[in-house]
Amino acid sequence: MRVLWVTALVLLIDQVTKTIVVQTMRLYESISLVGDLVKFTYTTNPGIAFGLTFGPQWLTSVFALIATTVICVYLWSVRESLFSFRLSLAMILGGALGNIVDRVSYGLIYGYGGLFRGQVVDFIHIDLYGGGLVNLPLIGEVPFPPLFPIWNVADMAIVAGVIGYVVFHGRYLKDAQARIESHRREMERTAPIPSPLIPKPDLVSGDDQSL
């Protein structure tokens with residue numbers, strides 16, 4: 001499928017940028033790009049999104065592998081569908097594979113853990129809000145946590161793919177229904193016309209029946 005080239009490109013860019021960050025930056029080092037709004041900040045994430053964890057670290061890696069396998073199977077099942085829909089899935093797949101490489105192998109490659117115990121490298125830091133008190137009507141001042149997502153190219157591809165999936169899912173369903181209807185009409189058009197039933201001739205004559 002042509003969209004798999006997008007998956008490969010996302011995976012390549014993700015791994016190249018992570019390698020550059022690991023080789024040229026110190027852990028937790030931050031480089032300003034656009035003031036304090038956009039920075040490169042080298043961090044690692046042993047869990048899922050936003051650093052959330054559940055169970056042992058290897059379990060997160062296994063779960064990610066299962067989820068990626070499901071995406072592969074689904075993408076193969078819709079391989080004849082709308083291109084934009086398949087492109088969205090290919091971006092999600094590329095991002096998932098990029099982070100799986102970290103989780104499965106980075107512990108061994110960089111010498112801090114075993115197989116399936118690697119941590120995802122994040123470095124794209126967008127400092128949206130520093131946190132503080134927010135004055136809400138009828139409630140008053142409420143503490144609001146800071147918003148400073150740090151992610152990577154794989155995460156960006158996943159987010160873009162999910163947005164595309166939501167946007168194009170309706171068109172995908174219409175296209176799939178049109179394909180089913182077209183196939184049904186084609187089957188009806190090419191189906192052989194049943195021949196009329198012709199009564200079998202009597203095996204014996206009328207004279208023989210009187211015996």
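Residues numbered from 1 in each chain as written. Predicted model: local features only at pLDDT ≥ 70, side-chain atom pairs only at ≥ 80, totals over all residues. Heavy atoms only, no water.

Caption draft 1: Structural view of the overall build of the protein chain. Of the regular secondary structure elements, the protein chain holds five helices and six strands. Taken from N to C terminus, the helices and strands of the protein chain fall in the order α-β-β-α-α-β-β-β-β-α-α. Burial analysis of the protein chain (211 residues in total) assigns 28% to the buried set. At a minimum sequence separation of 6, the contacts of the protein chain that also span at least 24 residues come to 61%. Of the roughly 14000 Å² of accessible surface on the protein chain, 69% is carried by carbon and sulfur atoms. (Helix = DSSP H or I, 4+ residues; strand = E, 2+ residues; numbered from the N terminus. Buried < 20%, exposed > 50% of the residue type's maximum accessible area, 1.4 Å probe, protein only. Contact = heavy atoms within 4.5 Å. Areas by Shrake-Rupley, 256 points an atom, 1.4 Å probe, with all protein chains shown as cover.)

Caption draft 2: Main features of a nonpolar patch on the surface. Together, Ile31, Leu33, Val34, Leu37, Leu128, Phe144 and Leu147 give the surface a local cluster of nonpolar side chains, amounting to about 620 Å² of exposed area. Sorting elements by how many residues they give to the nonpolar patch places strand S1 (residues 30-34) first, with three residues. Within the secondary structure layout, Leu147 lies in the loop between strand S5 (140-144) and strand S6 (150-151). (Patch = residues over 30% accessible without salt bridge, like charges linked within 9 Å, V, L, I, M, F, W, Y side chains within 5 Å. Salt bridge = Lys/Arg side-chain N within 4 Å of Asp/Glu carboxyl O.)

Caption draft 3: Seen up close, the confidence of the model for the protein chain. Put simply, the protein chain has an average pLDDT of 87, and 89% of its residues get 70 or more. Within the protein chain, the lowest mean pLDDT, 51, falls on helix H5 (residues 206-209), and the highest, 98, falls on helix H1 (residues 4-24). (pLDDT = per-residue confidence, 0-100.)

Caption draft 4: Layout of the pairing of strand S2 (residues 38-45). Inspection of the sheet shows S1 paired to S2 by four bridges, in the antiparallel sense. Within S2, the position partnered with Ser32 by the bridge is Lys39. A loop of three residues connects S1 with S2, the two strands running antiparallel in sequence, and Gly35 in this loop sits at a positive phi of about 55°. Where S2 meets strand S3 (residues 120-126), six bridges bridge the pair, whose relative direction is antiparallel. Bridge pairing in S3 places Asn45 opposite Val120. (Pairing = 2+ DSSP bridges.)

Caption draft 5: Structural detail: the sheet that holds S2. Spatially, the four strands line up as an open sheet ordered S1-S2-S3-S6, and their pairing is antiparallel. A strand with exactly one partner marks an edge of an open sheet, and here the two such strands are S1 and S6. Sheet strands touched by H1: S2 and S3. Its angle to S3, the strand with the most contacts, is close to 90°. The strands that helix H4 (residues 153-190) touches are S3 and S6; relative to S3, the one it contacts most, it runs at about 70°. (Axes fitted to C-alpha atoms, helices over the stretch in contact; angles between N-to-C directions.)

Caption draft 6: The arrangement of the packing of aromatic side chains in detail. Applying the stated criterion across every chain yields a total of five aromatic pairs. Relative to Phe85, the ring of Tyr74 has its centre 6.3 Å away and its plane inclined at 85°; by these criteria the two rings are edge-to-face. Taken together, the residues span a long stretch of sequence, with Tyr74 in helix H2 (residues 57-77) and Phe85 in helix H3 (residues 83-109) at a distance of 11 residues. With relative accessibility at 27%, the residue Tyr74 sits in the partly exposed group. Residue classification places Phe85 among the buried positions, given a relative accessible area of 0%. Judged by centre distance (4.2 Å) and plane angle (5°), the rings of Phe85 and Tyr172 are stacked. Residue Phe85 is located in helix H3, and its partner Tyr172 is located in helix H4; the two are separated by 87 residues in the primary sequence. Accessibility classification places Phe85 together with Tyr172 in one group, the buried group. (Phe/Tyr/Trp six-rings, centres within 6.5 Å; stacked < 30°, edge-to-face > 60°.)

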